[in-house]
Amino acid sequence: MTSMDQERWTRVKGRLRAELGEDVYTSWFARVDLEGLDEETVRMSVPTRFLKSWIQSHYAERVLACWQSEQTTIGRIELTVRSGILRPLPPKAKPPEAHEPLRNGYDGKVDGFGLRFGATPISTAHESLGGSPLDARLTFETFVVGRSNTLAHAAAKQVAATRRTDSVMFNPLYIHAGVGLGKTHLLQSLAWAGNAAGERKVLYLTAEKFMYGFATAIKLQTALAFKDSLRGIDVLVIDDLQFLQGKSTQAEFCHTLNALIDAGRQVVIAADRPPLDLESLDDRVRSRLAGGLVVEMGSLGEELRLEILKSRVVAARQHHAGFDVPAPVLAYIAKTVTHNGRDLEGAVNRLLAHNKLTGYPVTLEMAEREVRDLIRPQEPKRVKIEDIQRVVARQYSVSRSDLLSSRRTANVVRPRQVAMYLAKTLTLRSLPEIGRRFGGRDHTTVLHAVRKIEGLVGSDTSLAQEIEGLKRQLQD
Ligand code: ADP
Ligand code: MG
């Protein structure tokens, strides 16, 4: 490929960006590479089959038109799949948190808030299959799409719309994000929509429900029936996979996963971390999970927060006609309550409760008072071992595979030790886990590296500064 071709490609990208807008462009085209180009044909590649089919079905003509305005002879676009895991979109997800957000007595429980339907035929049928309850408010209609969740949303919609006769495009679909960023909302939307289409059986289960179902089946000696019932499902959706515990349940989960995927059934998973960080699962399951489409949902941007708030207020108004939240109050909450969707929901519920109980209209002052404790300082970013390896490798001009290799030359030993030290100090990973992520090393090797660097930092100021710089890069 010539540098002229690259320049053309840059201009085509610029055109696409201008025509489609930044968000759409980033979601679908940021990972497209130009592979080559001749008189008639442009060859481009994407990292997943999903992106390929999406671009083909939604943007083929536009891409072709953009190329034709560069070079009129072009008549064909060829898209191929590069293989590998999809990288997450910026911005990154916030750190997961172990505790539930603070709630007051109003949260989610204000009488008649939002849309509470009685059991629908769909949810009744779903529960009779052993599924976890579906919340009638968590549907695609109420899910607000923004920069951080475009791809996850599109993938979930695609799964919900797939028919039995269609081939499965990506399996499993694995969505990860921090607490309150919409995983459950998205998965339940998928379950509602998939079941409403009536063609396929979609079963939504929390990991806890899966464990419970399996444990009960063992106790009642109906484990086989339980397995069969799961294997009769067309789409198995498992939420909060990080909570799956216990050797035998995990082995069972692994069998179920393999059996479903091999039978061409769809599996959808959500968790608070990427597959490779699910420490309690064994390697085979982890890599099977990482082998499908892995999508991260980032933190909610201010615009998205504002849209979510608006839709919450609209929902609340269906039951409380007099309830109104002035635009400046919405803007204030969207700006200050940054943490996650649960806090946004809590904020609207408090305004509603206050308004109902006192009869006072919602004002900025009232909002400031009511949501004060939902305004939290920015939490430090969730640092991933992968990122540490990438940043350290770049800093010392070695490759990431050098860091993971068994090479012992000085130019890789020191960077490797620094990276292990950072992994220990910036993440909650255990020494054995870190060892595993550094090419399967023993935990004593990691401990040695951590002590070594700790010792050096005290006396070697330039190393200390280097490490400070690396930490800063990783944390903001
Ligand atoms: P998670 O399962 O990731 O912890 P949830 O799906 O429970 O998060 O979302 C927390 C709250 O935020 C819910 O009330 C949910 O409806 C809301 N929420 C999160 N993301 C969105 C979104 N994109 N659109 C509308 N509501 C959202
Ligand atoms: Mg959830």
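Note that the coordinates shown come from a computational prediction; the quantities given were computed from them, not determined experimentally. (Residues numbered from 1 in each chain as written. Chains lettered and ligands numbered in written order. Predicted model: local features only at pLDDT ≥ 70, side-chain atom pairs only at ≥ 80, totals over all residues. Heavy atoms only, no water.)

**Some remarks on the domain arrangement of the chain**
In many reports, interface size means the accessible area that the parts give up when they come together.
Phase 1: Domain boundaries in the chain define domain 1 (3-81), domain 2 (96-296), domain 3 (302-374) and domain 4 (385-475).
Phase 2: Placing the centre of domain 1 and that of domain 3 at their C-alpha centroids yields a distance of 42 Å. (Domains from an automatic or database assignment.)

**Description of the pairing of strand β5 (residues 202-206)**
Phase 1: Most of β5 sits out of view: four of its five residues are buried.
Phase 2: The pairing of β5 with strand β6 (residues 235-239) spans five bridges and is parallel. When the bridges of β6 are listed, V202 appears paired with V235. (Buried < 20%, exposed > 50% of the residue type's maximum accessible area, 1.4 Å probe, protein only. Helix = DSSP H or I, 4+ residues; strand = E, 2+ residues; numbered from the N terminus. Pairing = 2+ DSSP bridges.)

**Section: the site of ligand 1**
Phase 1: Close to ligand 1 lie 18 residues, the nearest being V144, G180, H185, R312 and E345.
Phase 2: Measuring from an oxygen atom of ligand 1, one finds a backbone N or O atom of G180 at 2.7 Å.
Phase 3: Within the side chain of H185, one N or O atom sits 2.7 Å away from an oxygen atom of ligand 1.
Phase 4: Burial of ligand 1 by the surrounding chains reaches 95%, relative to a free accessible area of 550 Å².
Phase 5: Broken down by secondary-structure element, the contributors of at least two residues to the shell around ligand 1 are α6 (183-197), α11 (302-317) and α13 (341-358).
Phase 6: Of the residues that constitute the shell around ligand 1, the class distribution is six nonpolar, eight polar and four charged.
Phase 7: Counting contributing residues per domain, the shell around ligand 1 is built from domain 2 (96-296) and domain 3 (302-374), each supplying no fewer than three. (Near = heavy atom within 4 Å. Polar contact = N/O pair within 3.5 Å; in protein donor to acceptor, adjacent residues only side chain to side chain. Areas by Shrake-Rupley, 256 points an atom, 1.4 Å probe, with all protein chains shown as cover. Nonpolar A, V, L, I, M, F, W, Y, C, P; charged D, E, K, R; others polar.)

**Some remarks on the packing of aromatic side chains**
Phase 1: Across all of its chains, the model carries four aromatic pairs by this definition.
Phase 2: Ring plane angle 5 degrees and centroid distance 5.9 Å describe the contact between W9 and W67, whose orientation is recorded as stacked. Residue W9 is found in helix α1 (residues 3-20), and its partner W67 is found in helix α3 (residues 49-68); the two are separated by 58 residues along the sequence.
Phase 3: Residue classification places W9 among the buried positions, given a relative accessible area of 4%.
Phase 4: Overall, W67 belongs to the buried group, its relative accessible area being 0%.
Phase 5: Seen in terms of ring centroids, F210 and F253 are 5.9 Å apart; in terms of plane orientation they differ by 90 degrees. Their pairing is edge-to-face. (Phe/Tyr/Trp six-rings, centres within 6.5 Å; stacked < 30°, edge-to-face > 60°.)

**Observations concerning the sheet that holds strand β8 (residues 293-296)**
Phase 1: Taking strand neighbours across the sheet as the criterion, the five strands line up as β5-β6-β7-β4-β8 in an open arrangement whose pairing is parallel. A strand with exactly one partner marks an edge of an open sheet, and here the two such strands are β5 and β8. Averaged over all adjacent pairs, the angle separating strand axes in this sheet is 15 degrees, with direction ignored.
Phase 2: Judged from the four bridges that link them, strand β4 (residues 173-176) and β8 form a sheet pairing that is parallel. Counterpart to Y174 in the pairing with β8 is V294.
Phase 3: The sheet contacts of helix α9 (residues 247-262) involve β6 and β7 (266-271), and relative to β7 the element is tilted by about 140 degrees. (Axes fitted to C-alpha atoms, helices over the stretch in contact; angles between N-to-C directions. Contact = heavy atoms within 4.5 Å.)

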